[in-house]
Amino acid sequence: MLGSIIDGIVSPPGIAEPYPSDPFPLLTQWLEEATRSGAYADANAMALATATPDAQPSVRIVLCKAIEPERHAITFFTNYESRKGLELAANPHAAVAFHWPNEGRQARLEGTVERLSDDENDAYFRTRPILSRIGAHASRQSRPIASRSVLVSEAARVAAASCLELGIARPPYWGGYRLHARSVELWTACEGRLHQRLRWQRAPAAPMWTLELLSP
Ligand SMILES: Cc1cc2nc3c(=O)[nH]c(=O)nc-3n(C[C@H](O)[C@H](O)[C@H](O)COP(=O)(O)O)c2cc1C
């Protein structure tokens, strides 16, 4: 009995020593493994927290579209005039959390965002399915609408107009953000909730991450 308890307590944690000096290669690996497993409809889904200048928080799910290890950054796309867009315009600090339950993994990043360039936004917008591009025009994300039929008829109008114009350009209020991480925490589930928490932090412009182990 005591033996099996001790076995659980000392069972090896997910990330072995020596710990990586940079968390981004491992974060990339974790997302690739979750995606390859086929177990998740959206392995790249993450909760994105923003806040108003007077510190009122809000959170929603968005899709991570790229991990950029060389920039210590990740990207996501949305409507710049949505609630999150307006909150980020007023307060560029943001936090995200991924959860991959089958692997017993969570990843958290905190930092500041900047908008992607028009060229980056146009390039990504062109890769989106046609219905998503139509939706970006038809939906003034986060604003109240009188009924669903308002949205549907606006989407139908955009679809008809775009057939005439032979294309659907990116609306100027739609685009991406790059979250530059100042803090990355990689969490792995362990027996008895003695989870492993590794947190890397980096001051702005500092070349190196500092790493610490946190209590679960
Ligand atoms: C799995 C999933 C993925 C989503 N991906 C995105 C996304 O990449 N970008 C986006 O703007 N909204 C996405 N959404 C919708 C958002 O959760 C949210 O409803 C929307 O962005 C409006 O948020 P806001 O009013 O706080 O700005 C996604 C929702 C789910 C459930």
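Residues numbered from 1 in each chain as written. Predicted model: local features only at pLDDT ≥ 70, side-chain atom pairs only at ≥ 80, totals over all residues. Heavy atoms only, no water.

K.L.:
For this particular structure, what's the right way to read the side chain of Asn121?
P.N.:
Along the chain, the position of Asn121 falls in helix α4 (residues 118–127). Here Asn121 falls in the buried class, since its relative accessible area comes to 1%. At 3.0 Å, the side chain of Asn121 and the side chain of Tyr80 are in polar contact. Ignoring sequence-local partners within four residues, the contact set of Asn121 consists of Phe77, Tyr80, Leu116, Arg170, Trp174, Gly175 and Gly176. (Helix = DSSP H or I, 4+ residues; strand = E, 2+ residues; numbered from the N terminus. Buried < 20%, exposed > 50% of the residue type's maximum accessible area, 1.4 Å probe, protein only. Polar contact = N/O pair within 3.5 Å; in protein donor to acceptor, adjacent residues only side chain to side chain. Contact = heavy atoms within 4.5 Å.)

K.L.:
Looking at this structure, I do not really get the site of the ligand. What am I missing?
P.N.:
What surrounds the ligand is the set Asp42, Arg60, Ile61, Val62, Leu63, Phe77, Thr78, Ser82, Arg83, Lys84, Gln141 and Ser142. Contact distances for the ligand include 3.3 Å between an oxygen atom and a backbone N or O atom of Arg83. Take Ser142: an N or O atom from its side chain is 2.6 Å from an oxygen atom of the ligand. For the ligand, the protein covers 63% of the area, taking 620 Å² as the surface of the free molecule. At the level of secondary structure, the elements contributing two or more residues to the shell around the ligand comprise β2 (57–68), β3 (73–79) and α3 (83–90). Sort the elements by how many residues they give to the shell around the ligand and β2 lands first, with four residues. Taken together, the residues of the shell around the ligand break down into four nonpolar, four polar and four charged. (Near = heavy atom within 4 Å. Areas by Shrake-Rupley, 256 points an atom, 1.4 Å probe, with all protein chains shown as cover. Nonpolar A, V, L, I, M, F, W, Y, C, P; charged D, E, K, R; others polar.)

Scope: geometric values only; no functional claims are made or implied.
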